[in-house]
Structures are given as structure tokens and as C-alpha cells.
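# Commentary on secondary and tertiary structure
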Amino acid sequence: MKEQLQIIYEDNGIVVCHKLPGIAVQSPRAGQQDMVSLLRNYFARKKENTEIFLVHRLDQPVEGVMVFARTKEAAANLSSQVQKRQMDKQYLAVVEGRFEKKSGTLENFLIRDGKTNTSSVAEKEGKGAKKARLSYEVLEETEKDSLVKVILETGRHHQIRVQMAYVGHPLVGDKKYNPQCEAGYQPVGLCSVKTAFVHPLTGKQMEFEVEPQGTLFKKYKNF
């Protein structure tokens, strides 16, 4: 069984992890393991400061690099980088079908529905609609699906999942936006593989990269 907590880097200001699919970032349910609880328990065992601050999120079925702050000062700095789009994020996605255009940019306006925890594409900019932009490049293809590199230029709710579904290439395993999904839990074919940012305390440029561990990526080699 894989360790639920996979730490890539830690110091007194930040901790960087590879979040596995199926683990929530933060859960209101008592007794349910989530990243924040796992990290607090980890630092408690080391008799260190157990404060953990969220600066960005990954959906529960999605895996990949996550950065957490360990002080209020570090959290404020990292949150500012996220808001100013200074934290670079790169993803790998396994999507249904093959693209006619092997690289390009997707730009839409997205509206979030808090009641259903979903987002959808709006026909035009309007009340509640936020601009969403990403670029993609097809790395490998099979007869049924494609491995795609995605670079986010904005960070909207379920952005990659919604925009890919809108152009006819929903993510494999995505029950919210892919009508072809089978019943039962499945990890989504999405991994945050690379994150780059400036260290909030030292000012040093930091970059972290992981390889997907989910089974959906195993048939592909071109990470």
C-alpha cells in the first residue's frame, strides 16, 4: 500500500507534496484523512510547528504537486503569487479521443455552480462568468484517447476538466464531465506534474516535478 503522505521538500516556510488521487486536500468530515490533517500529524510527530495554510487546491480525484505554507507570512506571499499568476503550473491529462489540432489554446468564460460543485462554459462574459485560458500540446495518442500537456494561464474551478469536455475531449475517469464514465470511483486522468514559484521567505526560485502514479498514465511513456 502506498504511503498516503509523500513529501518532496520541506523547510520552516513551506512543504511540497505529491498528493495522491482520492485524497481530499481538506475535508470537513471527522475521521476522513486529508492532506492538511496528514501534514499536521506528520509535524506533530516531529514535535514541530503544526500550522498548515492552504494556498491552492487540487480536486480529490486528481493527483500531483501541491505547495503548502507553514507560516502566515509564507501563506500571504504564496497566495499573492497565485493571484498574480506568478506560480507556474503544468499538468498531464488523459482525455477521450484524438485531437485534429495537436496544440493550441482554449479560452472560455466559466460559471461556477456552488450547489452542484460544477462549472460550465458561458456563451459570453456576464454575471459570475470568469475568463479561463489554457494551452495544450498532444504528447501521445492511442486509438481511443490522448496524453496531453496542459499549461494553465488562469486557475478556475475545474478549469481543465470543463474546457476539455467542452471541446469534445473530456478527461478519462471524470464522472462529473464525461458521460462515458462507468459507475463507481475512478481516478481522473489528470496530474499536476510541475510547479514553479519563488520561495516566500528566501526569494529563491523553486521548481518541483513529479511523475503520475495513477494507472491511467501507465500505458504512456512520454512524460
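Heads up: these notes are all about the structure in this document. (Residues numbered from 1 in each chain as written. Predicted model: local features only at pLDDT ≥ 70, side-chain atom pairs only at ≥ 80, totals over all residues. Heavy atoms only, no water.)

## A word on the nonpolar core
- Membership of the largest hydrophobic core comes to 33 residues, with the highest contact counts inside it found for Phe-68, Val-150, Ile-160 and Met-164.
- Breaking this core down by element, the ones donating at least two residues are strand S2 (14–19), helix H1 (35–45), strand S4 (63–69), strand S5 (88–96), strand S8 (130–141), strand S9 (145–152) and helix H3 (159–166).
- The element contributing the most residues to this core is H1, with six residues.
- In this view, Ile-160 contacts Tyr-91, Leu-134, Val-150, Leu-152, Leu-171 and Leu-190; residues no more than four positions away in its chain are not counted.
- Among the nonpolar cores identified, the runner-up in size contains 23 residues, and Val-65, Val-193, Phe-197 and Tyr-220 belong to it. (Core = buried A, V, L, I, M, F, W, Y, C linked by side-chain atoms within 4.5 Å. Buried < 20%, exposed > 50% of the residue type's maximum accessible area, 1.4 Å probe, protein only. Helix = DSSP H or I, 4+ residues; strand = E, 2+ residues; numbered from the N terminus. Contact = heavy atoms within 4.5 Å.)

## As for the side chain of Ser-146
- Mapped onto the elements, Ser-146 comes out in strand S9.
- The class of Ser-146 is buried, set by a relative accessible area of 0%.
- There is a polar contact of 2.6 Å between the side chain of Ser-146 and the backbone oxygen of Gly-97. (Polar contact = N/O pair within 3.5 Å; in protein donor to acceptor, adjacent residues only side chain to side chain.)

## Observations regarding the state of the cysteines
- On inspection of all chains with the given rule, the structure shows zero disulfides.
- With no disulfide of its own, Cys-17 lies 14 Å from the sulfur of Cys-191, the closest cysteine sulfur.
- The exposure class of Cys-191 is buried, given its relative accessible area of 0%. (Disulfide = S-S within 2.5 Å.)

## Some words on unusual backbone geometry
- Notably, Arg-85 is not glycine yet its phi reads approximately 60 degrees, a positive angle.
- Even without a glycine there, the phi angle at Asn-117 is positive, about 55 degrees.
- Here Asn-117 shows up in the loop between strand S6 (103–113) and strand S7 (118–122).

## Description of helix H2 (residues 72–83)
- Relative to the 16 Å expected for 12 residues at 1.5 Å per residue, H2 spans 16 Å between its end C-alpha atoms, a close match to the ideal helical length.
- For H2, every residue scored as buried is listed here: Ala-74, Ala-75, Leu-78 and Gln-81. Buried residues along H2 cover an arc of 125 degrees about the axis, so they all sit on one side. In H2, the exposed positions angled more than 90 degrees off the buried face are occupied by Lys-72, Glu-73, Ala-76 and Gln-83.
- Those residues of H2 hidden inside the fold are in contact with S2, strand S3 (53–54), S4 and strand S10 (190–198).
- At the C-terminal side of H2, Arg-85 shows a positive phi close to 60 degrees. (Expected span 1.5 Å × (residues − 1). Arc of directions from axis to C-beta.)

## Let's talk about the pattern of salt bridges
- Applying the stated rule across the entire model yields 13 salt bridges.
- Salt-bridge contacts for Arg-161 lead to Asp-59; the nearest nitrogen and oxygen are separated by 2.8 Å. Pair noted here: Arg-161 is in helix H3 and Asp-59 is in the loop between S3 and S4, with a separation of 102 residues, a long-range link.
- Judged by relative accessible area, which is 4%, Arg-161 ranks as buried.
- Using a relative accessible area of 23% as the deciding quantity, one classes Asp-59 as partly exposed.
- The residue Glu-137 makes a salt bridge to Lys-149 at a minimum N-O spacing of 3.5 Å. Residue Glu-137 is found in strand S8, and its partner Lys-149 is found in strand S9; the two are separated by 12 residues along the sequence.
- Classification of Lys-149 as partly exposed rests on a relative accessible area of 23%.
- Residues joined by salt bridges that share partners form a network here, namely Glu-10, Lys-46, Glu-48 and Arg-70. (Salt bridge = Lys/Arg side-chain N within 4 Å of Asp/Glu carboxyl O.)

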